[in-house]
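Letter by letter, the chains look like this.
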Amino acid sequence: MIRVDDLVKTFRVHRRPAGLGAAIRSIFHRKYEIVRAVAGVSFKIERGERVGFLGPNGAGKTTTLKVLSGLLHPTAGRVEVNGFEPRRRDPAFLKGITLVMGQKNQLLWDLPAAETYALNRALFDVPRDEYRETLDELSELLDLANLSTKPTRQLSLGERMKCELAAALLHRPRTLFLDEPTIGLDVSMQVAIREFIRSYNQRYEATVLLTSHYMQDVTALCPRVIVIDKGSLIYDGDLRALVRKVHPNKLVSFTMAGPIGPGELERLGEVVSSEAGRVVLRVPQDRLRDLVSHALANLPVVDLSVEDPPVEDIMRELFRPGSVPDAAAEAG
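In this text the structure is predicted, and so the values were computed from the model without any measurement.

A. Main features of the sheet that holds strand E4 (residues 76-81). If you trace the three strands from one edge of the open sheet to the other, you get E2-E1-E4, paired in antiparallel fashion. The outermost strands of the open sheet, each flanked by one partner alone, are strand E2 (32-45) and E4. Mean inter-strand twist for the sheet, computed between neighbouring axes without regard to direction, equals 30 degrees. Relative to E2, strand E1 (residues 2-14) runs antiparallel, the two sharing eleven bridges. Within E2, the residue paired with Leu-7 across the bridge is Val-41.

Below, the structure is given as structure tokens:
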């Protein structure tokens, strides 16, 4: 459904020092530099996949999504979405995709969301019967019963985001580009949006490419991740494999019913935290079974859990200066 071959996108950027003199000089003579936002990225995504698109700020994620949706033309390389070249903006291509940006608003501010829905129905030439059927489905999935008749300006951020998703999906696109769809939402609303995206993906076999700085979005939705940094691809593959390669240790958490002997924790593993009877150790995978058996047999353990390191830690390791090539080589 999505194919990207050696995508390059550059921008011509004017820079000048601060101050009145520099501002006046820039009127007559400007210095430009070429900034490479995307530098030779290649990947393929099959129909029905949910893929996380990760990277630090300025890595080129949003630029890539805009190229894939036809908003920007590539400087070099080949891009294909649903069999179309996005930059040509063929009507059939536009009817098969949607781009949702958490920091952009397509709803008409002073009018109810229902007016935007009607406008989008006309723009995408959706038959009325199909429109009503789709709107009923989206209203049920997103719980929009009492929202679509309220002016957009009176909606909370979470309510507005749900209405934005409905407006973007009324034409039943099979390819979804989602850029920070849960930004600024509270925890319960983030969960609702994730559940909706998963449900839509399963119901319509839609392809989802998701960018988010909330790692919970990625771990909950995306078995596969594509990671870029400074415009270059550094990892493409299974998220769990990335976690195991970059941080092979497990985090073991104990809740103790009483005190333990001095130095006992250090003999078990690296102590991450220890307070109020709750202990977290970092333990190599090959020692996990022995450690758990020893702890249950010899320590006053009342609760125990084993987890992978947080994905946030994995991303910090990948983007730490000097570590990206090694981490990518290990994980890839």
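So that's the structure; there's more coming.
B. Geometry of the environment of Ala-37. The residue Ala-37 is located in strand E2 in this model. Taking relative accessible area as the criterion, Ala-37 reaches 14% and is therefore assigned buried. Every residue in contact with Ala-37, bar those within four places of it in the chain, is listed here: Lys-9, Thr-10, Phe-11, Ala-59, Gly-60, Thr-63 and Gly-231.

C. Examining the nonpolar core more closely. Counting residues in each nonpolar core, the largest one holds 49 residues, and the members touching the most others are Tyr-117, Cys-163, Phe-196, Val-225, Val-227, Leu-242 and Met-315. Sort the elements by how many residues they give to this core and helix H6 (residues 157-169) lands first, with seven residues. Excluding anything up to four places from it in sequence, Phe-196 contacts Leu-138, Leu-141, Leu-142, Leu-165 and Leu-169. Val-4, Ala-37, Ala-59 and Ile-226 belong to the second largest nonpolar core, which has 22 residues in total.

D. Structural detail: the packing of aromatic side chains. One pass over the structure, following the stated rule, counts four aromatic pairs. When the ring of Phe-43 is compared with that of Phe-53, the centres are 6.0 Å apart and the planes differ by 55 degrees; the resulting orientation is tilted. Taken together, the residues span a long stretch of sequence, with Phe-43 in strand E2 and Phe-53 in strand E3 (residues 50-54) at a distance of ten residues. Owing to a relative accessible area of 0%, Phe-53 belongs among the buried residues under this scheme. Note on Phe-84 and Phe-93: the rings are 6.3 Å apart at their centroids and 55 degrees apart in plane angle, and the pair reads as tilted. Three or more aromatic residues link up through ring pairs in this structure, and these residues are Phe-196, Tyr-200 and Tyr-204. Over the aromatic face of Phe-11 sits the side chain of Lys-9, whose NZ or CZ is 5.2 Å from the ring centroid. Taking NZ or CZ as reference, Arg-12 lies 3.7 Å from the ring centre of Tyr-32, over its face.

Quick notes on the rules
- Residues numbered from 1 in each chain as written.
- Predicted model: local features only at pLDDT ≥ 70, side-chain atom pairs only at ≥ 80, totals over all residues.
- Heavy atoms only, no water.
- Pairing = 2+ DSSP bridges.
- Helix = DSSP H or I, 4+ residues; strand = E, 2+ residues; numbered from the N terminus.
- Axes fitted to C-alpha atoms, helices over the stretch in contact; angles between N-to-C directions.
- Buried < 20%, exposed > 50% of the residue type's maximum accessible area, 1.4 Å probe, protein only.
- Contact = heavy atoms within 4.5 Å.
- Core = buried A, V, L, I, M, F, W, Y, C linked by side-chain atoms within 4.5 Å.
- Phe/Tyr/Trp six-rings, centres within 6.5 Å; stacked < 30°, edge-to-face > 60°.
- Lys NZ or Arg CZ within 6 Å of the ring centre and 35° of its normal.

Shape is all these values report; function is a separate question.
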